[in-house]
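Descriptive analysis of the structure
Letter by letter, the chains look like this.
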There are 4 protein chains.
Amino acid sequence: MKTPRPRFTGIIPPVCTPLTPELGVDVASLRRLVEHLVGAGVDGLFVLGSTSEVAFLTAEQRAQVAETVVESVSGRVPVLAGVIDMTTPRVIEHAETAAKIGVDAMVATAPFYTRTHPAEIARHFRLLHDAVDLPIFAYDLPVSVHSKLDGAMLLDLAADGVLCGVKDSSGDDAGLRNLLVQRADRGADVAGFSVLTGSETTVDAALAMGVDGAVPGLANVDPEGYVQLLRTCRDGDWVTARTQQERLLRLMRLVDAAPSTRMGRGSSALGAFKAALKLRGVIACAATAPPQIPLDDAEIAFVRAHLIEAGLL
Amino acid sequence: MKTPRPRFTGIIPPVCTPLTPELGVDVASLRRLVEHLVGAGVDGLFVLGSTSEVAFLTAEQRAQVAETVVESVSGRVPVLAGVIDMTTPRVIEHAETAAKIGVDAMVATAPFYTRTHPAEIARHFRLLHDAVDLPIFAYDLPVSVHSKLDGAMLLDLAADGVLCGVKDSSGDDAGLRNLLVQRADRGADVAGFSVLTGSETTVDAALAMGVDGAVPGLANVDPEGYVQLLRTCRDGDWVTARTQQERLLRLMRLVDAAPSTRMGRGSSALGAFKAALKLRGVIACAATAPPQIPLDDAEIAFVRAHLIEAGLL
Amino acid sequence: MKTPRPRFTGIIPPVCTPLTPELGVDVASLRRLVEHLVGAGVDGLFVLGSTSEVAFLTAEQRAQVAETVVESVSGRVPVLAGVIDMTTPRVIEHAETAAKIGVDAMVATAPFYTRTHPAEIARHFRLLHDAVDLPIFAYDLPVSVHSKLDGAMLLDLAADGVLCGVKDSSGDDAGLRNLLVQRADRGADVAGFSVLTGSETTVDAALAMGVDGAVPGLANVDPEGYVQLLRTCRDGDWVTARTQQERLLRLMRLVDAAPSTRMGRGSSALGAFKAALKLRGVIACAATAPPQIPLDDAEIAFVRAHLIEAGLL
Amino acid sequence: MKTPRPRFTGIIPPVCTPLTPELGVDVASLRRLVEHLVGAGVDGLFVLGSTSEVAFLTAEQRAQVAETVVESVSGRVPVLAGVIDMTTPRVIEHAETAAKIGVDAMVATAPFYTRTHPAEIARHFRLLHDAVDLPIFAYDLPVSVHSKLDGAMLLDLAADGVLCGVKDSSGDDAGLRNLLVQRADRGADVAGFSVLTGSETTVDAALAMGVDGAVPGLANVDPEGYVQLLRTCRDGDWVTARTQQERLLRLMRLVDAAPSTRMGRGSSALGAFKAALKLRGVIACAATAPPQIPLDDAEIAFVRAHLIEAGLL
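The sections below set out a description of the structure shown in this document. From a predicted model like this one, the values you see are computed outputs, not experimental measurements. (Residues numbered from 1 in each chain as written. Chains lettered and ligands numbered in written order. Predicted model: local features only at pLDDT ≥ 70, side-chain atom pairs only at ≥ 80, totals over all residues. Heavy atoms only, no water.)

1. Observations concerning the interface of chain A and chain B
Listed per partner, the contact involves 47 residues of chain A and 47 residues of chain B. With both chains or domains summed, chain A and chain B bury close to 3800 Å², and 60% of this area falls on carbon and sulfur atoms. Where chain A meets chain B, there are two salt bridges. Counting across the chain A and chain B interface gives 24 residue pairs in polar contact (both at pLDDT 80 or more). Contributions of two or more residues to the side of chain A that touches chain B are made by α2 (59-73), α3 (88-101), α4 (118-131), α5 (142-145) and α11 (265-279) of chain A. For the side of chain A that touches chain B, the class distribution of residues is 21 nonpolar, 17 polar and nine charged. (Contact = heavy atoms within 4.5 Å. Buried area = accessible area lost by both parts, 1.4 Å probe. Salt bridge = Lys/Arg side-chain N within 4 Å of Asp/Glu carboxyl O. Polar contact = N/O pair within 3.5 Å; in protein donor to acceptor, adjacent residues only side chain to side chain. Helix = DSSP H or I, 4+ residues; strand = E, 2+ residues; numbered from the N terminus. Nonpolar A, V, L, I, M, F, W, Y, C, P; charged D, E, K, R; others polar.)

2. Some words on the side chain of S170(B)
Residue and element names in this part refer to chain B. Structurally, the position occupied by S170 is in the loop between β6 (165-168) and α7 (173-186). Of note is the side chain of S170, whose polar atom sits 2.7 Å from the side chain of D168. For S170, the contacting residues outside a window of four places in its chain are D140, P142 and K148.

3. Re the relation of the copies chain A and chain D
The operation relating chain A to chain D is a screw motion whose rotation component is 180 degrees, with 0.0 Å of axial translation and a residual RMSD of 0.0 Å. The superposition of one copy onto the other is thereby described by a two-fold rotation axis. Judged by C-alpha distance, A205(A) is the residue of chain A that lies nearest the rotation axis, at 2.8 Å. The fraction of interface residues of chain A whose copies in chain D are also interface residues reaches 100%, indicating that both copies meet through the same surface. (Least-squares fit on C-alpha atoms with pLDDT ≥ 70 in both.)

4. Regarding the packing of helix α3 (residues 88-101) of chain D against helix α4 (residues 118-131) of chain D
Residues and elements named next belong to chain D. Where α3 contacts α4, the two axes come as close as 10 Å, and the packing angle between them is 35 degrees. Pair α3 / α4 crosses with right-handed handedness. Judged by residue contacts, T88, V91, I92 and A95 of α3 engage H124, L127, L128 and A131 from α4. Split into classes, the residues belonging to the contact of α3 with α4 amount to six nonpolar, two polar and no charged. (Axes fitted to C-alpha atoms, helices over the stretch in contact; angles between N-to-C directions. Left-handed = near helix turned anticlockwise from the far one by under 90°.)

5. Observations regarding the sheet that holds strand β2 (residues 45-47) of chain D
Residue and element names in this part refer to chain D. If you trace the eight strands from one edge of the open sheet to the other, you get β1-β8-β7-β6-β5-β4-β3-β2, paired in parallel fashion. For this open sheet the edge positions go to β1 (10-11) and β2, each flanked by a neighbour on one side alone. Here strand β3 (residues 79-82) runs beside strand β4 (residues 105-108); their pairing, made up of three bridges, is parallel. Each bridged residue has a counterpart across the sheet, and for G82 the counterpart in β4 is V107. Contacts from helix α2 (residues 59-73) reach β2 and β3, with the element oriented near 160 degrees to β2. (Pairing = 2+ DSSP bridges.)

So this is what it looks like as structure tokens:
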């Protein structure tokens, strides 16, 4: 019997959700964004994650986004869908919708808003697995969820067939590496468990450590850049990879478009990604969902300057 | 012209949501709980708050709870309803439902999961006010929301007619007092702004400082205790009030039924409130929503012992 | 045999440390400050606490401060001295100096900088007690120490004769009350354990709950105000006490002299206390220790306005 | 004119401080430890850091440690010394001692215990630079200091000649890389600024990103392992480097010798390092400073097993 291998690998951008000026989902723009990404050679798409403003979308809008992307992609690459909500019963509702729409996997955080014990986090994933027949990625995002997923727990759940992978957006690279070595040490039971980094700026380092792929928000803006970086890393050309990654790091500075005295860091970053997509002609409108404050003209000029410097305009 | 006075005052328990063994809303038990509370002389009911396990209820269950309580109460006391969700568009959906059902006010937190700037928090409440015609309470709950509402901002929003009050569950009594003195100093513009404490164990102190009422989870278990405490405080008999409050503090220890090595503090507290309601014959089943771990027999016995000590069994 | 009673009670200001323009201890000003406080009728003095800028004073300066105050006070009221440092061996050194100088009690935090387990915090206090023959107050200051002292642990240490009291600057009034009721419930063993609040703005509430005294930094500026407040509370006149406390709360707003964009909250508060003491003619120079940024003229005018409003200038 | 290059590079272990059973500095063991490290080919030594239990050492013990190591090393490699204390005046005292003893550079954190503004952190380093003539490393250790040093601020201070480098123990590899790319982008002004990682388990990744060296606590236990890892990385053999780093990661698990229910994570890690040094015959006694709880026999056996697995026993 062969050792299983992770099924979800490579560059899997978390897809921005274009909005109309009236703040509805802009389906036409979303379809163009899908082509922009798939056409660049990405290996999968992750809809309804934090970069997708999932926290701001109603249930109906979430379904509309997932349907649009599944239909547009039409099987060319796998589609992962976030099922982000406070607790198990609410997450299960999103999961049922996602399964009906036909995504390939779902991505769930630990419970939030409530104060949850590690045993209850594990129970959460087990109940979700029992309720809905879709592969589950755990989404490790302490900045939003205010708890860190324990590596040993993730692998226990993987060994029991509950989890198919983790998207690690914790920024804790020592923890990430510890997880990777634990995965290697535990053998065939967990060998199919996919480890993806949510980082934009340490993708080469994460791939060198053994992650299976990356879910960088910045790949909305420069998908070719990340596809090339992945290829270079897989070729073992770490010197070139470093140069490519550093170029992307300099591009990533566009997320600081707005000062932290004027809006939240998330609003600045999402506003900048969308402004860049509009400037690049991919989406029609750069609006972000309320209550996020929109970028002003100077801030959009800041984004434009970074695109020019990166050779994207 | 008369100075306006806060409309929502007194003891306003956050109503537990009884569940059936199959984890649906137990409507019959919920009706009995309403009678238990209204019959004890409380001044209002707050449904769909944290104590109501709102984070665990689906949209449909939330509507069912609000409908049941509004119908059961039938105008005897005002009903406040939580509209708890991550961001403005999702909160507005809950608010529209609440308005349709006919509650008297809604209770909204700052955005959570996202990292939100104070200016975006203010914008959130303003957009909610623009969208739905219901009085709004701000819900200050840093332990869940991970941001603290600024007192001056609350009063600015009150002066603009956006907020009708705050439920302060921050545990920051210095901040609470500062807010109360600011309210007094700003005069008629904000004089109708209602300040309620979410505390169980410093209600006498908060009333002495000038809050308009309290929203204590423990009032599910002993509503008469809190109604008496309020009356004693209003009579200015602070010595008796202290004795009554200390009795309730000792009863409150039932929330430590389960050790923190076994489950989250929320699960222990909500499990204990529901176990107490079942032991007192008010609700039929003490189940809490998943993924919360249920109390075991020894833990329920711990709850029983506290009820006996408090003269409630 | 009589039940013991707490030995340290009443208003015990944490004494500011006046500095010369060259940033040495200004002994003459410190003596005047002692007379300002003792003359106002305070019940004790707490030197070398956070308000005293203990974190900024060298070992030699700390000794100079304690010697000056012990000598100036000359037994009129008890003198408590902070022995603030990172861990047990370093705290013991300060404690030996304090004992030699002849203070009446020492005040020690849990270890900080290191990440310490509750069992190690208890061990810390026990080792300090074994090493130096002086009554020990535990200093609960999570904002600086980043851990909260557990009430049951404090009372266990009290029952074993290790601690004589706690200075609670945690701002957690629910926790404070829980501690007070636990102390009452545990009887004679811990009845001599002194509970002091570090609050400036909820002193009436804390006294109503049963604390033995208060250690308000603002009492440097208006010691008579706090002495009167204590007397009013002991007389059970809570209505007058509230008015007095609210006046002090309004005065306390002077700590917001400088915007948080320009300096830390501690620098603004300590700078404001010292500016007020200079404006009131008690100390010669308002300098704070480096790297704290000094108040500018507009900020000092803000302090002056608050003194005038409070009738202190 | 040539672009300056960082002066302090390579493997610079933070040296454990061996204690006698009576808890004094064990000078003979410290000398053996120095030989153990220098003999293995390390590029420098860092005394009086967190791994050295600096938080637990009195001023006298700190001087004794620095003197012993400077004398033992006798110029073979540079010696960096921590000057860890709460604020500027206290840090300056340690710095003066370190300069007198003749260390090659000092390592200072931001102020802690106090709540300090970024402008005050910068002022802290500038005042230290003005006061004592020794190169300064900034020590970025949020887990102890509770603030994160801003990369742009570090480089501004470097450009002004205030800082010679940073020891980054923040675990924030995205921030680390951002700093490295900023350093490259700002040119000759900051090209001599040394960036060292405090990580044990991502040293290969950090070197691939461009750091100048590493300060791994685990290098006390296996200095040869880290010296080889550095050499392999400098040769650009990243595949072998990964294998070497993963071996060290597995060895690093010895820090989990004691359960977190029994003692703090620091006590477990420092106890394990010292137990390993004793088992390897380098130091005479594995005692850690109070109030840290010592490892028990089973926990020491856990350490031994890891040494055997790593081929070190």
